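Observations on the model geometry
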Amino acid sequence: MAEKILVIDFGGQYNQLIARRVREKRVYAEVVSYKTPIKEIAAMKPTGIIFTGGPKSVYLDDSPRMSGEIFNLGVPILGICYGAQFLVYGLGGEIGAAGADSAAEFGRTDCSFDVKSPLFKGLKDESVVWMSHNDYIKKLPSGFKAVAHSAKCPYAAIENAEKKFYGTQFHPEVNHTEQGFDMLGNFLYNVCGCKGEWTMSGYAETAVKSLRKKIGNGKALLALSGGVDSSVACKLLAKAIGNQLTCIFVDHGLMRKNEGDEVEAAFKDSGVNFIRVNAGERFLSRLSGVTDPEEKRAIIGDEFIKVFEAEAKKLGAVDFLVQGTIYPDVIESGAGDAAVIKSHHNVGGLPDHVDFKEIVEPLRMLFKDEVRRLGKELGLSEELVWRQPFPGPGLAIRIIGEITPEKVALLQEADAIFREEIAAAGLDREISQYFAVLTDMRSVGVMGDMRTYDYTLALRGVSTTDFMTADFSRIPYDVLERASTRIVNEVGNINRVVYDITSKPPSTIEWE
């Protein structure tokens, strides 16, 4: 039986990060809602279960809870923050609200550990953890004991070794908890008995078999953008169903400079059925006068489907539409109780009805770095594996406000200059994503002793591993200066260049 850890989502901010950390330990993890019926959870045959944090108080009527049957599955459980409190509350313990003297803790906290516990085996008995809780564990259920404490929290970590139930009031999944990654590893290997057999080669083999079974003798269309996600999906589908796959590249007129021609060159002679559809006028016409980013995404998603449906009819009966949707797309578009951060054109922007039997998303459960690893496993070229991420709606969401052909051309030139300077400085592999944004703001400037009143261009560069969180890249000033000077001198109608130094959160990587 394949090892699988179920991460039960109680609405916390680090839920997907927990899944990533588990996968980094070579154990497959999947996030499911706390509303998932117990029978479905049991049918998944998890090797272990992790309860996530959450913003609620477990003793309130509207707090997220599960049936007590979850504790009778005979599966090891690790509760984190709210998850630890739910574990205690569900088994007959008591949770209290912090008073004025405050049992609440936030941020860096010194903590002491019982290293005899399987959860802390091999670790230092004192280190820093990351706390974020108002409520606290007031009374333990029968069979539990404390295995870690801080100055304010006598039950910083608890265990019932017999049942293999563990809880931490702190967050082991975040980098601020110094030994957190090893704690999660101890839960996986010492408590759950995992062997760490999840590899990308194994994932690829399983995915190919699954796709063959799902698609059978049917025909499939792949929405190919030329980005790493759709390129990896193409390689995976080609391996699974060969010439039953047709790749359609829709050039919506919102690509980066020369990118349409580059994508065509990369795939036209690659052995797959490749069709390029030049639909720039069609997309720009529908986007005329539209300024709201969500409306832009919905229009582009709708238009994509219409193009694919039209092309499918030319090819005859086509059963499946394949998309390169990845896990962050799904998460940010809202799932279950999660808030919609921004809908992705290939997730939240789809119309209610599409003229295909089913939409297939073979990368739906993978993070960006995992997609790159899969691409390497499948033999995709380095150029395609490391291609700069580019959103499906393209420059439509990098132009703030109304979109016009003139603005598109202007941004294409400015963005190309920025990318050229980053590559010339040897930073193209160090910065996870970098691009230019044409703002809707104009300001006064002086060029050739003449007053100008032109656009402000924003440059953005971020460093990240999973694209769920990101920090702005510390691009050297001389590189930014060269890019700024060239943009102002070589591109018309821009007289001011700024650099975005905001992390994610609170911002997102894209501006819209």
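Read on for a plain summary of the structure. (Residues numbered from 1 in each chain as written. Predicted model: local features only at pLDDT ≥ 70, side-chain atom pairs only at ≥ 80, totals over all residues. Heavy atoms only, no water.)

Within this structure, the stated rule accounts for 15 aromatic pairs. A centroid spacing of 5.6 Å and a plane angle of 55° characterise the contact between Tyr28 and Trp198, whose relative ring orientation is tilted. Of this pair, Tyr28 sits in strand E2 (residues 28-33) while Trp198 sits in the loop between helix H4 (180-191) and helix H5 (200-215), and the two are 170 residues apart along the sequence. Taking the relative accessible area as the measure of exposure, Trp198 reaches 13% and is therefore buried. Taking 6.0 Å as the distance between ring centres and 85° as the angle between the ring planes, the aromatic pair formed by Trp198 and Tyr203 counts as edge-to-face. A residue is classified by how much of its surface remains accessible, and Tyr203, at 13% relative accessible area, is buried. An aromatic cluster of at least three residues, connected via ring pairs, comprises Phe10, Tyr34, Phe51, Phe71, Tyr82, Phe86 and Phe165. Over the aromatic face of Phe435 sits the side chain of Arg398, whose NZ or CZ is 3.9 Å from the ring centroid. Between the NZ or CZ atom of Arg442 and the centre of the ring of Tyr455, over which it lies, the distance is 4.2 Å. (Phe/Tyr/Trp six-rings, centres within 6.5 Å; stacked < 30°, edge-to-face > 60°. Helix = DSSP H or I, 4+ residues; strand = E, 2+ residues; numbered from the N terminus. Buried < 20%, exposed > 50% of the residue type's maximum accessible area, 1.4 Å probe, protein only. Lys NZ or Arg CZ within 6 Å of the ring centre and 35° of its normal.)

The first and last C-alpha atoms of H4 sit 15 Å apart over 12 residues, in line with the 16 Å expected at 1.5 Å per residue. For H4, every residue scored as buried is listed here: Gly180, Met183, Leu184, Gly185, Asn186, Phe187, Leu188 and Val191. Looking one or two residues past H4, Gly193 carries a phi angle of roughly 75°, positive in sign. (Expected span 1.5 Å × (residues − 1).)

Below, the discussion takes up unusual backbone geometry. Here the amide bond leading from Lys504 into Pro505 is cis, since omega sits at -15°, within 30 degrees of zero. Along the chain, Pro505 turns up in the segment after strand E20 (494-499). Looking along the chain, the bond that leaves Pro505 and enters Pro506 is cis, with omega of 10°. Even without glycine at this site, Lys45 takes up a positive phi of about 50°. Position of Lys45 among the secondary structure elements: in the loop between helix H2 (38-43) and strand E3 (48-51).

What follows is about the nonpolar core. Membership of the largest hydrophobic core comes to 88 residues, with the highest contact counts inside it found for Leu254, Leu363, Leu374 and Leu457. Among the nonpolar cores identified, the runner-up in size contains 36 residues, and Ala29, Cys81, Val129 and Phe187 belong to it. (Core = buried A, V, L, I, M, F, W, Y, C linked by side-chain atoms within 4.5 Å.)

On to the environment of Ala425. If you trace the backbone, Ala425 turns up in the loop between helix H13 (405-424) and strand E17 (433-447). Between the C-alpha atom of Ala425 and that of Ile475, which follows or precedes it by 50 residues, the distance is 9.8 Å. Sequence-distant contacts of Ala425, that is, excluding residues within four places in its chain, are made with Val479 and Arg482. (Contact = heavy atoms within 4.5 Å.)

Before going further, it helps to spend a moment on the packing of helix H6 (residues 228-241) against helix H11 (residues 368-377). Two numbers describe how H6 lies on H11: the axes approach to 10 Å, and their chain directions differ by 40°. Considering their axes alone, H6 and H11 lie oblique with respect to each other. Here H6 runs over H11; the crossing is left-handed. From H6, Val228, Asp229, Val232 and Leu236 reach across to H11, where they touch Lys368, Val371, Arg372, Leu374 and Gly375. Considering only residue class, the contact of H6 with H11 consists of 5 nonpolar, 1 polar and 3 charged. (Axes fitted to C-alpha atoms, helices over the stretch in contact; angles between N-to-C directions. Parallel < 35°, antiparallel > 145°, perpendicular 65-115°, else oblique. Left-handed = near helix turned anticlockwise from the far one by under 90°. Nonpolar A, V, L, I, M, F, W, Y, C, P; charged D, E, K, R; others polar.)

Let us now look at the pairing of strand E12 (residues 220-223). Each regular strand shows side chains that alternate between the opposite faces of the sheet. In E12, alternate side chains face the same way, and those of Ala220 and Leu222 on one face and Leu221 and Ala223 on the other are all buried. Running through H6, the crossover from E12 to the neighbouring parallel element strand E13 (residues 245-251) is right-handed. Both E12 and strand E15 (residues 320-322) contribute to a ladder of 3 bridges, which runs parallel. Paired with Leu222 across the bridge in E15 is Val322. (Right-handed = clockwise from strand over helix to strand, strands pointing away. Pairing = 2+ DSSP bridges.)

Moving on: the environment of Leu188. By the element assignment, Leu188 lies in helix H4. Ignoring any residue separated from it by four or fewer positions in sequence, one finds Leu188 in contact with Ile5, Val22, Lys25, Val27, Gly193 and Cys194.

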